[in-house]
Amino acid sequence: MGKNMLNHLKRSKTLWGIVFLFSGLAGNASGQEAKVDTSYDNNYYLNKRTMYETVEVKPWHVVFLGNSITERGLWNEWFPSVPVVNRGIGGDNCWGVYARLNPILKGKPAAIFMMIGINDLGRGLSADMIASKYAQIIQKVKSDSPGTRLVLQTVLPINESTVRYDYMKGKTSAIKTLNEHIRELGNRYNLQVIDLFRVFAGDGDQLPEEFCVDGLHLNEKGYQIWVKYFKEHKVLCQ
């Protein structure tokens, strides 16, 4: 084989190597974009949402809106004199909450107590991105049901030493950042913010092990801290 042909083959290999390198970089970038997962409409979500929509929200109702931490609460039993309706769905995120606002706001409820965002953080979404969706939720409530009292609740701390879910490990810093956004949104839109993160973490930043079952979800003792705070501060009577 002549020298010219060998040089040509070497140049061709170099060019193809560059092409594959940039293809790999593009593939990595695409993969990073794919990790931004805001989906919510799994079978559990759809079934639970359908069940909730069989019961109309009324103007005197107080809606507890959120994910599994809200869903697991026995709010009616703990506040028997308050017409609470539970609208928590396990695994839900800000996008799922926004998607199911219409049937809630159609009823013009007296109040909505919302806690959402931990599952968004678990998927690796940034606090800025989550806060942007929070703002959309707030704006929709104010637009569609201006008489509804919307109360924001900060995201609860987790217990880093006992949390069982790998996707939640190391999220304390992100939780604190998101909660800063939630407090700022409260100021911006003149909304009450109940700082449950501080109620549970005190001067620290961890959910005490005695109040949780898996480093993330509350046990009975944990829920009673929440209930006690609401009762002592007459949160539902305002």
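To be clear, the structure that these remarks concern was listed above.
Residues numbered from 1 in each chain as written. Predicted model: local features only at pLDDT ≥ 70, side-chain atom pairs only at ≥ 80, totals over all residues. Heavy atoms only, no water.

Asks: Where do I start with the side chain of Asp120 in this structure?
Replies: Mapped onto the secondary structure, Asp120 falls in helix H7 (residues 118-122). Here Asp120 sits buried without a salt bridge, and the closest side chain of opposite charge, Arg123, lies 7.0 Å off (N-O distance). A polar side-chain atom of Asp120 sits 3.1 Å from the main-chain amide nitrogen of Cys94. In this structure Asp120 touches Asn93, Cys94, Trp95, Leu125 and Ile130, once residues within four positions along its chain are discounted. (Helix = DSSP H or I, 4+ residues; strand = E, 2+ residues; numbered from the N terminus. Buried < 20%, exposed > 50% of the residue type's maximum accessible area, 1.4 Å probe, protein only. Lys, Arg positive; Asp, Glu negative; His and termini not counted. Salt bridge = Lys/Arg side-chain N within 4 Å of Asp/Glu carboxyl O. Polar contact = N/O pair within 3.5 Å; in protein donor to acceptor, adjacent residues only side chain to side chain. Contact = heavy atoms within 4.5 Å.)

Asks: Sorry if this is basic, but what is going on with the pairing of strand S2 (residues 84-88) here?
Replies: Successive residues of a regular strand alternate their side chains across the two faces of the sheet. Summarising burial for S2: five of the five residues are buried, a large majority. Of the two faces of S2, the one lined by Val84, Asn86 and Gly88 and the one lined by Val85 and Arg87 are each fully buried.

Asks: Even after reading the chapter, I still don't get unusual backbone geometry, so can you show me in this structure?
Replies: Excluding glycine, a negative phi dihedral is what most residues carry, and trans is how most peptide bonds are arranged. Not every positive phi belongs to a glycine, and Lys108 is a case in point at roughly 50°. Here Lys108 lies in the loop between helix H6 (101-106) and strand S3 (111-115). On the basis of relative accessible area, Lys108 is assigned to the partly exposed category, the value being 43%. The phi angle at Asn190 is positive, at roughly 60°, despite the residue not being glycine. For Asn190, the location among the structural elements is in the loop between helix H9 (172-189) and strand S5 (192-194).

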